[in-house]
Amino acid sequence: MNFCILCNEETAYPFHREKETLYLRCTNCKLIFVKPGQRLDPAEEKSRYDLHENDPADERYRAFLNQLFAPLSEKIKTVGFGLDFGSGPGPTLCVMFEEKGHQMNIYDPFYANDKSVFDHHYDFITTTETAEHLYHPRNEFEKLWSCLKPGGYFGIMTKMVQDHNQFADWHYMKDDTHVTFYSKETFIWLSEQWNATVEFFGDRTIIFTKPTT
């Protein structure tokens, strides 16, 4: 058994091998992740992200992000202060929220690496197509959760594992910058750790509500 990078329990076992890459699965929180030490180095990882063509003027990209933007916007009843974590080379979700009157901060380890954003507390935090890239999801999620105000919302977009038996054929796994894979059970486990409410919208949108007390 290996230690899980999310729940930190020694409950992860070899689950799948793709060429030279070994994927582990945790029996406790159900996370699947690339074995540490087999991930891309930061320079190689960034070179892949530099190829992304995210553009706030791209209506197709906006429609994609709307999978999180729409349900989260319905929950935010007043003008708020938000953080978009993992905003990427072409921040767009933050623009969509700003157009609704919200104040936004952004953070990205490669493109907007200003750690002072974590000195604030937010009404809502978003992370879209980022969770699957996290090498240390426990640390990142805990840091973000601590920045969220009581009663605030934490919205995640990431493609969830639907069938562990089909993992070997899953296109989402074929991207070698994707190193961490979550199922519905994983996010339910996380909600229990936080004593939070969790809601699912489709197969890739998750919204946590932080307790008020």
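This text gives an overview of the structure that appears in the document. (Residues numbered from 1 in each chain as written. Predicted model: local features only at pLDDT ≥ 70, side-chain atom pairs only at ≥ 80, totals over all residues. Heavy atoms only, no water.)

Brief notes about the pairing of strand β9 (residues 197–201)
(1) Moving on: Looking at chain direction, β9 and strand β10 (residues 205–209) are connected through five bridges and run antiparallel. Note on β10: the bridge partner recorded for Phe200 is Ile206.
(2) Moving on: Counting the residues in the hairpin turn of β9 and β10 gives three residues, including Gly202, whose phi is positive at 70°. (Pairing = 2+ DSSP bridges. Helix = DSSP H or I, 4+ residues; strand = E, 2+ residues; numbered from the N terminus.)

Digging into unusual backbone geometry
Residues other than glycine predominantly adopt negative phi, and peptide bonds predominantly adopt the trans conformation.
(1) Moving on: In this model, Lys19 sits at a positive phi of 55°, which is unusual for a non-glycine residue.
(2) Moving on: Structurally, Lys19 can be placed in the loop between β1 (12–18) and β2 (21–26).
(3) Moving on: Positive phi outside glycine occurs at Glu129, with the angle close to 50°.

Description of the nonpolar core
(1) Moving on: If you look at the biggest cluster of nonpolar residues, it comprises 38 residues, and the most contacted ones within it are Phe141, Phe154 and Phe208.
(2) Moving on: Here this core gets four residues from one element, more than from any other, and that element is helix α5 (residues 184–194).
(3) Moving on: Once residues within four sequence positions are removed from consideration, Phe208 is found in contact with Trp145, Gly152, Tyr153, Phe154, Ile156, Phe187, Leu190, Ser191, Trp194, Ala196, Thr197 and Val198.
(4) Moving on: Counting residues in each nonpolar core, the second largest holds 15 residues, with Leu68, Ile76, Phe124 and Met157 among its members. (Core = buried A, V, L, I, M, F, W, Y, C linked by side-chain atoms within 4.5 Å. Buried < 20%, exposed > 50% of the residue type's maximum accessible area, 1.4 Å probe, protein only. Contact = heavy atoms within 4.5 Å.)

Some points on the environment of Lys159
(1) Moving on: With respect to the secondary-structure elements, Lys159 resides in the loop between β7 (148–157) and β8 (180–181).
(2) Moving on: Taking the C-alpha atoms as reference, Lys159 lies 8.0 Å from Glu129; in sequence the two are 30 residues apart.
(3) Moving on: Separated by 2.8 Å, the side chains of Lys159 and Asp203 make a polar contact. (Polar contact = N/O pair within 3.5 Å; in protein donor to acceptor, adjacent residues only side chain to side chain.)

Some details on the pattern of salt bridges
(1) Moving on: Scanning the entire structure with this criterion turns up eleven salt bridges.
(2) Moving on: Lys149 is the partner of Asp123 in a salt bridge, and the nearest nitrogen-oxygen pair spans 3.3 Å. Residue Asp123 is located in strand β6 (residues 122–128), and its partner Lys149 is located in strand β7; the two are separated by 26 residues in the primary sequence.
(3) Moving on: The class for Lys149 is partly exposed, based on a relative accessible area of 31%. (Salt bridge = Lys/Arg side-chain N within 4 Å of Asp/Glu carboxyl O.)

Observations concerning the sheet that holds β10
(1) Moving on: A sheet is described by the order of its strands in space; here six strands give the open sequence β5-β4-β6-β7-β10-β9, paired in mixed fashion. Looking at strand neighbours, the two that pair on one side only are β5 (103–107) and β9, the edges of this open sheet. The sheet shows a mean angle of 15° between the axes of neighbouring strands, direction not considered.
(2) Moving on: Where β6 lies against β7, six bridges are found, and the strand directions are parallel. Its bridge partner being in β7, Phe124 is matched across the sheet by Tyr153. (Axes fitted to C-alpha atoms, helices over the stretch in contact; angles between N-to-C directions.)

Details of the pairing of β1
(1) Moving on: Judged from the six bridges that link them, β1 and β2 form a sheet pairing that is antiparallel. In the sheet register, Tyr13 faces β2, and the bridge partner there is Arg25.
(2) Moving on: Count of turn residues in the β1/β2 antiparallel hairpin: two residues, of which Lys19 carries a positive phi of about 55°.

Observations concerning the layout of surface pockets
Any empty space left between atoms is shown by rolling a water-sized probe over those atoms.
(1) Moving on: Approximately 680 Å³ is the volume attributed to the largest pocket.
(2) Moving on: Contributing to the lining of the largest pocket are 36 residues, with Tyr49, Asp108, Glu129, Thr130 and His133 lying nearest its centre.
(3) Moving on: Among the residues forming the lining of the largest pocket, the class breakdown is 15 nonpolar, twelve polar and nine charged.
(4) Moving on: Within this model, the second largest pocket holds a volume of roughly 190 Å³.
(5) Moving on: Taken together, 14 residues line the second largest pocket, and the ones lying closest to its centre are Glu18, Thr21, Tyr23, Asp175 and Asp176.
(6) Moving on: Looking at the lining of the second largest pocket, its residues break down into five nonpolar, three polar and six charged. (1 Å grid on protein atoms, 1.4 Å probe; cavity = no way out; pocket = protein on both sides within 12 Å on 5 of 7 lines; lining within 4 Å. Points joined across faces, edges and corners; volume = space filled by probe spheres on them. Nonpolar A, V, L, I, M, F, W, Y, C, P; charged D, E, K, R; others polar.)

Observations concerning the side chain of Arg25
(1) Moving on: Checked against the element boundaries, Arg25 lands in strand β2.
(2) Moving on: For the buried Arg25, which has no salt bridge, the nearest side chain bearing the opposite charge is Glu185, at an N-O separation of 6.4 Å.
(3) Moving on: Separated by 3.5 Å, the side chains of Arg25 and His164 make a polar contact.
(4) Moving on: With near-sequence residues (within four places) excluded, Arg25 lies in contact with Thr11, Ala12, Tyr13, Phe15, Lys30, Leu31, Ile32 and His164. (Lys, Arg positive; Asp, Glu negative; His and termini not counted.)

On their own, these measurements won't tell you what the molecule is for.
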